[in-house]
Amino acid sequence: MGHPFPLREIARQAGLSEATVDRVLNHRGGVRESTAQEVRRAIADLDRQRTQVRLSGRTFMVDIVVQAPERFTTAVRAALEAELPSLHPAVLRSRFHFRETGPAAEQAGTLDRIARRGSQGVILKAPDVPEVTAAVGRLTAAGIPVVTLVTDLPTSGRLAYVGIDDRAAGATAAYLTGQWLGDRPGHVLTSLSSGFFRNEEEREMGFRSVMRARHPQRTLVEIAEGQGLDATQYDLVRAALERDAEIRAVYSIGGGNDATLRAFADLGRECAVFVAHDLDHDNTRLLREHRLSAVLHHDLRQDMREACRHVMRAHGALPPAGPALPTAIQVVTPYNLPARRDD
């Protein structure tokens, strides 16, 4: 496990004691494999970040805590690391705590561990439930600023929220869906990963409000709790299609779009209009294949940059600024996809 980093720096990155890291690096035993993996991840993170920032100036250790499918957490990591050079006068070090799903108590436990060991800030995507809200309050009481990312916890005492106006996004999806369906009959499936994420709830409300106002004859069929994961999403969509032969369109609020399209295909059903969120690697491919009608996208790099700046302002590293505006919503179709790096 060769590396150029001091023991103390690896321990800080991993959130472990120097003695534990020393045992892992020197193969002395007495540590769990999961702990050894944390050390390896810390070294990999340090190596990746070292190539993108100058190790000078004031250094901040920020914890990125995200509950989301792998396709989104991969995008979060890439967005942050791409923005590191722009964050001067500070240098930012990041520890990542990613999970796809699980009990709220486990997420709260992660936040409490961060509060105990210390951090300069937390960037958080988590469900809006009492356990998480209370844990954010404990972080704030410990002097650790929390910035919510893409979904808010407005009663938690968090420092700021960065992301889009989700009601406006849902309304935009309803406008597009209604226009593209036109006079054709058909019901619309709305799909949430979980009813506990505030951003998804607000998107659904914006969508439902505009559909009721502009297309009151349309029936909306809701499914939820697929967690954006393909296996659970497929079962939920297939069951909905088997119950309702009139579903012709989809507004995917929470992801799992490959699985949704597979359920349509397996039942020999056409999806006439499909509006989704986020230009991740799955949705980019589905757009190129013309299997999605449009993706409502926002600049995740801008979100990560602004979240880090909120943390730096909280510590006086940057001058105060006014309230941040919501991130712009971009409507991406198969005909205006950003060019690939290899294009």
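This text goes with the structure placed above it.
All values derive from a computational prediction rather than experimental measurement.

Undergrad: What exactly am I supposed to notice about the overall build of the protein chain here?
TA: Across its full length, the protein chain carries 12 helices and 11 strands. What you see for the protein chain is a C-alpha radius of gyration of 22 Å, in line with the 20 Å of a compact globule of 343 residues. Looking at the 343 residues of the protein chain, the share that counts as buried comes to 52%. A separation of at least 24 residues holds for 70% of the contacts in the protein chain among residues at least 6 apart in sequence. Summing over all exposed atoms, the protein chain offers an accessible surface of approximately 15300 Å²; the carbon and sulfur share of this is 50%. Counting 44 positive and 43 negative side-chain charges, the protein chain places the averaged centre of each group 5 Å from the other.

Undergrad: Got a minute to help me understand the pairing of strand 4 (residues 146–149) in this structure?
TA: Regular strands have side chains that alternate between both faces of the sheet. Neither face of strand 4 is left uncovered, since the one carrying Val146 and Thr148 and the one carrying Val147 and Leu149 both have all their residues buried. Note: strand 3 (residues 121–125) against strand 4, 3 bridges, orientation parallel. Within the sheet, the bridge partner assigned to leucine 124 lies in strand 4 and is threonine 148. Handedness of the β-α-β unit built from strand 3, helix 6 (residues 130–141) and strand 4 comes out right-handed. When strand 4 meets strand 5 (residues 160–162), the two strands line up parallel, connected through 3 bridges. When the bridges of strand 5 are listed, threonine 148 appears paired with tyrosine 161.

Undergrad: I'm lost on the nonpolar core in this one. Help?
TA: Most often, soluble globular proteins have nonpolar side chains that are buried together. Core analysis: the largest hydrophobic core is formed by 27 residues, its most contacted members being Ile64, Val76, Leu80, Ile123, Leu149, Leu300 and Met304. When contributions to this core are tallied by element, the ones reaching two or more residues are strand 1 (58–67), helix 4 (70–83), strand 2 (90–99), strand 4 and helix 12 (300–314). In terms of residue count, helix 12 provides more of this core than any other element does, 6 residues in total. Setting aside anything within four residues of it in sequence, one finds leucine 300 in contact with Phe72, Ala75, Val76, Ala79, Leu149 and Val150.

Undergrad: What am I meant to see in the packing of helix 10 (residues 257–266) against helix 11 (residues 281–288) here?
TA: Packed helices, taken two at a time, are described by their axes: the angle between them and the distance between them. For the pair helix 10 and helix 11, interaxial distance at closest approach is 9 Å and the crossing angle is 45°. Taken together, helix 10 and helix 11 sit at an angle that is classed as oblique. Two secondary-structure elements touch here, helix 10 through Asn257, Asp258 and Leu261 and helix 11 through Asp282, Asn283, Arg285 and Leu286. Residue composition of the contact of helix 10 with helix 11, grouped by class: 2 nonpolar, 2 polar and 3 charged.

Undergrad: Any chance you could explain the environment of proline 127 here in plain terms?
TA: Along the chain, proline 127 falls in the loop between strand 3 and helix 6. Sequence spacing of proline 127 and serine 194 is 67 residues, and the spatial spacing of their C-alpha atoms is 8.3 Å. Among all residues touching proline 127, those that are not within four sequence positions of it are Gln67, Val132, Leu153, Phe196 and Phe197.

Undergrad: Help me understand the environment of isoleucine 123, please; the structure alone is not making it clear to me.
TA: Residue position: isoleucine 123 is located in strand 3. Through-space distance from the C-alpha of isoleucine 123 to that of tyrosine 161 is 9.5 Å; in sequence the pair is 38 residues apart.

Undergrad: Is there a simple way to explain the sheet that holds strand 3 in this structure?
TA: Strand pairing within a sheet occurs via backbone hydrogen bonds; the two strands may be parallel or antiparallel. Reading across from one edge, 2-1-3-4-5 is the order of the 5 strands in this open sheet, with parallel pairing throughout. At either margin of the open sheet sits one strand with a lone partner, and together these are strand 2 and strand 5. Taking the axes of each pair of neighbouring strands and ignoring which way they run, one obtains an average angle of 25° across the sheet. Contacting strand 1, strand 2 and strand 3, helix 5 (residues 104–117) crosses the sheet at an angle of about 170° to strand 1.

Undergrad: In this structure, what is going on with unusual backbone geometry? I would like to understand it.
TA: Most of the time, phi is negative for any residue but glycine, and the peptide bond is trans. Backbone geometry at valine 150 places phi at a positive 60°, although glycine is not the residue there. Mapped onto the elements of the fold, valine 150 is located in the loop between strand 4 and strand 5. Residue classification places valine 150 among the buried residues on the basis of a relative accessible area of 5%. With a phi close to 60°, glutamine 227 is a non-glycine residue in the positive phi region. Within the element layout of this structure, glutamine 227 appears in the loop between strand 7 (220–223) and helix 9 (230–243).

Undergrad: Teacher, can you tell me more about the pattern of salt bridges here?
TA: It is possible for side chains bearing opposite charge to pair when their charged atoms get close. Here the structure, examined in full by the defined rule, presents 23 salt bridges. A salt bridge links arginine 95 to aspartate 63; the shortest N-O distance between them is 2.9 Å. Remark: aspartate 63 occurs in strand 1 and arginine 95 occurs in strand 2; sequence separation between them is 32 residues. Taken individually, arginine 95 and aspartate 63 each receive the classification buried, so the pair is uniform in this respect.

Undergrad: I keep staring at helix 12 and nothing clicks. Help me out?
TA: The periodicity of an α-helix, 3.6 residues per turn, causes residues three or four positions apart to be oriented the same way. A rise of 1.5 Å per residue sets the reference length of helix 12, with its 15 residues, at 21 Å; its end C-alpha atoms lie 21 Å apart and thus fit the reference within 8%. Within the span of helix 12, buried status applies to Leu300, Asp303, Met304, Ala307, Cys308, His310, Val311 and Met312. As for helix 12, its buried residues are in contact with strand 1, helix 4, strand 2, strand 3, strand 4 and strand 5. With its phi angle positive at about 80°, glycine 316 sits one or two positions after the end of helix 12.

Undergrad: Help me understand the sheet that holds strand 8 (residues 247–252), please; the structure alone is not making it clear to me.
TA: Strand order across the open sheet formed by 6 strands is 7-6-8-9-10-11, with mixed pairing between neighbours. In this open sheet, the two strands that pair with only one neighbour each are strand 7 and strand 11 (330–332). Strand after strand, the sheet turns through a mean of 20° between neighbouring axes, direction not considered. The pairing of strand 8 with strand 9 (residues 273–277) spans 3 bridges and is parallel.

Reading guide: rules and limits
Residues numbered from 1 in each chain as written. Predicted model: local features only at pLDDT ≥ 70, side-chain atom pairs only at ≥ 80, totals over all residues. Heavy atoms only, no water. Helix = DSSP H or I, 4+ residues; strand = E, 2+ residues; numbered from the N terminus. Rg over C-alpha atoms; globule rule 2.2 N^0.38 Å. Buried < 20%, exposed > 50% of the residue type's maximum accessible area, 1.4 Å probe, protein only. Contact = heavy atoms within 4.5 Å. Areas by Shrake-Rupley, 256 points an atom, 1.4 Å probe, with all protein chains shown as cover. Lys, Arg positive; Asp, Glu negative; His and termini not counted. Charge placed at Lys NZ, Arg CZ, Asp CG, Glu CD. Pairing = 2+ DSSP bridges. Right-handed = clockwise from strand over helix to strand, strands pointing away. Core = buried A, V, L, I, M, F, W, Y, C linked by side-chain atoms within 4.5 Å. Axes fitted to C-alpha atoms, helices over the stretch in contact; angles between N-to-C directions. Parallel < 35°, antiparallel > 145°, perpendicular 65-115°, else oblique. Nonpolar A, V, L, I, M, F, W, Y, C, P; charged D, E, K, R; others polar. Salt bridge = Lys/Arg side-chain N within 4 Å of Asp/Glu carboxyl O. Expected span 1.5 Å × (residues − 1).

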